[in-house]
Structures are given as structure tokens and as C-alpha cells.
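So the chains spell out like this:
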Amino acid sequence: MKKNSDLTKILNKSHEKKWVALSPNRSKVLGVSDNLAELSNKVNNKDAVYMKVLPSDTSFHF
Amino acid sequence: MEWKVYNYTVEFSELRGGFVSRPMINLTIIGAKKSYNCFSLIDSGTDSTMINADFAELLGIDESKCRKVKVGSVEELTRNGFASEIKFKVEGFEEEFKTNIIFLKDMPTAGLLGQIDFFENFKIRFEKRDKKFYLQREKN
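Bear in mind that the values here come from a model prediction, so they are computed numbers and not experimental data. (Residues numbered from 1 in each chain as written. Chains lettered and ligands numbered in written order. Predicted model: local features only at pLDDT ≥ 70, side-chain atom pairs only at ≥ 80, totals over all residues. Heavy atoms only, no water.)

Undergrad: I'm lost on the interface of chain A and chain B in this one. Help?
TA: As a measure of interface size, the accessible area lost when the parts come together is often cited. Between chain A and chain B, the residue contacts involve 28 residues of the former and 34 residues of the latter. Buried surface at the junction of chain A and chain B, summed over both partners, amounts to about 2700 Å²; 60% is from carbon and sulfur atoms. Here chain A is connected to chain B by three salt bridges. Where Glu91 of chain B meets Lys3 of chain A, a salt bridge forms, and the shortest distance between an N and an O atom there is 3.3 Å. Among the secondary structure elements, those contributing two or more residues to the side of chain A that touches chain B are helix 1 (36-43) and strand 3 (49-52) of chain A. It is strand 3 of chain A that contributes the most residues to the side of chain A that touches chain B, four residues altogether. A class-by-class count of the residues in the side of chain A that touches chain B yields 13 nonpolar, seven polar and eight charged. Sheet topology note: the strand 3 of chain A/strand 5 (residues 35-42) of chain B ladder contains two bridges and is parallel. When the sheet's bridge partners are listed, Tyr50 of chain A is paired in strand 5 of chain B with Cys38 of chain B. (Contact = heavy atoms within 4.5 Å. Buried area = accessible area lost by both parts, 1.4 Å probe. Salt bridge = Lys/Arg side-chain N within 4 Å of Asp/Glu carboxyl O. Helix = DSSP H or I, 4+ residues; strand = E, 2+ residues; numbered from the N terminus. Nonpolar A, V, L, I, M, F, W, Y, C, P; charged D, E, K, R; others polar. Pairing = 2+ DSSP bridges.)

The following block contains the structure:
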């Protein structure tokens, strides 16, 4: 399965600091929420890919 | 063994040219009843693999029964995480790994794949200029 690696096509400012559920090939946003458990229940897709979107105005170190 | 190729993940950034690309990969966290896909950042500066504690809730892991772990960062702040044994799979590989992962609350990202578990088990080649990275399973 070819995976989308350009998330600028599907994510924007409104997704920042939130949990998003992506389709398995990461080409679509299936849902967004502040709460991962709520999102997982809402999306109800065992193959969804969950990520937390970093704010775009911040340089990160971990 | 063959190298598997992955693309850097591109996101918006207001800081540099409008875009930032990061080496991210899907980690499937395997629970007793369900599995969840956690899109994680490969981070050579992280010691143990760390997963956002929101996943512990999904997996039904009881924090009160887990070993507490101190987690430090470059700001010299120390926070408490908790460790629990889980199984996981890395995108592109069928092998299951069992390890103690640190769950940390309020992480800004879903997961960080660090030296223990990830770098110890895979050869990793970053080719940032081409926005690609490569993994090869490295068995002891």
C-alpha cells in the first residue's frame, strides 16, 4: 500500500495540538479530537493511524 | 537483509520555509484485546521508546500498577512516566517485539522511538536530502 507522506495536503492549523485519526494510507483524516479515547470510539476503525499534530509555530526538541 | 525505504513525513511549519519533514513511522501497539496504530517519530536522542499515555488508557493499562519512571529532557526538568510491558510491530516488518515502554502524559506527539528497542534492533539510515530513510532489521 502506497502511503501518503505529505500531510500538508490533509492537515491544517485547526488540527494542531489535537489527536487525528488518519486512514491506513495516511491520505485522509478520519476524525479529530482533543481526546484519543473519544476519537478511537468515534472512528471505530482498527486500521486507523493515530497521531498528535505538533503546532506549526514551534521548533521541537525531544 | 534488504533495506526498507520510507519517506520523511512533511508537515506545515511557520519557522522554516513553510514546511518541516520528520522521520516518522507507524508503530502498532498490540494490547490484550485490541491493537492501535501510533504514528511515531524516530528520535536518536531519546533513550527508551516513549508513547503518549493516552494510549495506555486505550490499552486498558492501569497506571497505578505500573513502575514509575523518571523522564528528563534538555530543560533539566524531570517528569514522571510509567512503564509497562507491551508488544509492538514496526511498519513494514511482521516481527513482534516485547518490551517495557514508557508512557508519558501530555506528550506533544504520539510516540518517540528511541535507542532502546528501536535503534538497538534496526539499522537506520537517514537520507534527509532525499527525504527518505531506510530500516534494516538487525539481529543480535
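Let us keep going from here.
Undergrad: Looking at this structure, I do not really get helix 1 of chain A. What am I missing?
TA: For an α-helix, the turn length of 3.6 residues means that residues three or four places apart are oriented alike. Among the residues making up helix 1 of chain A, those that are buried are Leu36, Ala37, Leu39, Ser40 and Val43 of chain A. The buried residues of helix 1 of chain A all sit within an arc of 160° when viewed along its axis, so they share a single face. Exposed positions of helix 1 of chain A whose direction lies more than 90 degrees from the buried face are Glu38, Asn41 and Lys42 of chain A. Along its buried surface, helix 1 of chain A packs onto strand 1 (19-22), strand 2 (29-33) and strand 3 of chain A together with strand 5 and helix 1 (54-59) of chain B. (Buried < 20%, exposed > 50% of the residue type's maximum accessible area, 1.4 Å probe, protein only. Arc of directions from axis to C-beta.)

Undergrad: Looking at this structure, how should I read the side chain of Asn4 of chain A?
TA: Residue placement: Asn4 of chain A occurs in the segment before strand 1. Among the polar contacts made by the side chain of Asn4 of chain A, one reaches the main-chain carbonyl oxygen of Arg26 of chain A at a distance of 2.9 Å. (Polar contact = N/O pair within 3.5 Å; in protein donor to acceptor, adjacent residues only side chain to side chain.)

Undergrad: When you look at the state of the cysteines in this model, what are you seeing that I'm missing?
TA: Disulfide: a covalent bond formed between the sulfur atoms of two cysteine residues. Residue and element names in this part refer to chain B. One pass over the full model with this rule turns up zero disulfides over all chains. Not part of a disulfide, Cys66 finds its nearest cysteine sulfur in Cys38, a span of 16 Å. Taking relative accessible area as the criterion, Cys66 reaches 12% and is therefore assigned buried. (Disulfide = S-S within 2.5 Å.)

Undergrad: How do you make sense of the sheet that holds strand 11 (residues 122-127) of chain B when you look at a structure like this?
TA: Whenever strands of a sheet pair, they do so through backbone hydrogen bonds, lying parallel or antiparallel. Residue and element names in this part refer to chain B. Strand order in the open sheet formed by three strands is 1-12-11, and the pairing between neighbours is antiparallel. Where the open sheet ends on each side, the last strands, each with one partner, are strand 1 (4-7) and strand 11. Adjacent strand axes in the sheet meet at a mean angle of 20° when their direction is disregarded. Relative to strand 12 (residues 132-137), strand 11 is paired through six bridges, and the arrangement is antiparallel. Within strand 12, the residue paired with Ile124 across the bridge is Leu135. (Axes fitted to C-alpha atoms, helices over the stretch in contact; angles between N-to-C directions.)

Undergrad: I would appreciate a short explanation of the packing of aromatic side chains in the present structure.
TA: Any aromatic ring pair is given by two values, namely how distant the centres are and how the planes are angled relative to each other. Residues and elements named next belong to chain B. Tallied over the full model, the rule gives eleven aromatic pairs over all chains. Considering the side-chain rings of Phe97 and Phe122, the 5.7 Å spacing of their centres and the 55° angle between planes classify their relative orientation as tilted. With Phe97 in strand 9 (residues 97-104) and Phe122 in strand 11, the pair connects residues that are 25 residues apart, well separated along the chain. Residue Phe97 shares its accessibility class with Phe122, and that shared class is buried. Plain terms: the ring middles of Phe118 and Phe122 are 5.2 Å apart, the flat faces sit at 35° to each other, and that makes the pair tilted. The buried category is assigned to Phe118, whose relative accessible area is 1%. (Phe/Tyr/Trp six-rings, centres within 6.5 Å; stacked < 30°, edge-to-face > 60°.)

Undergrad: Explanation requested: the environment of Phe12 of chain B in the structure shown.
TA: Tracing the chain through its elements places Phe12 of chain B in strand 2 (residues 9-12). When near neighbours in sequence (up to four residues on either side) are disregarded, Phe12 of chain B contacts Thr8, Leu11 and Ser56 of chain A together with Gly18, Phe19 and Val20 of chain B.

Undergrad: How should I be thinking about the pattern of salt bridges in this particular structure?
TA: Side chains that differ in charge, positive against negative, can pair when their charged atoms come close. Residue and element names in this part refer to chain B. Inspection of the entire model under this criterion finds 13 salt bridges over all chains. Taking the shortest distance from any N to any O, the salt bridge between Lys4 and Glu2 comes out at 3.8 Å. A salt bridge links Lys105 to Glu63; its shortest N-O distance comes to 2.9 Å. With a gap of 42 residues between them, Lys105 in the loop between strand 9 and strand 10 (111-113) and Glu63 in the loop between helix 1 and strand 7 (67-72) connect regions that are remote in the sequence.

In short, geometric facts, not functional conclusions.
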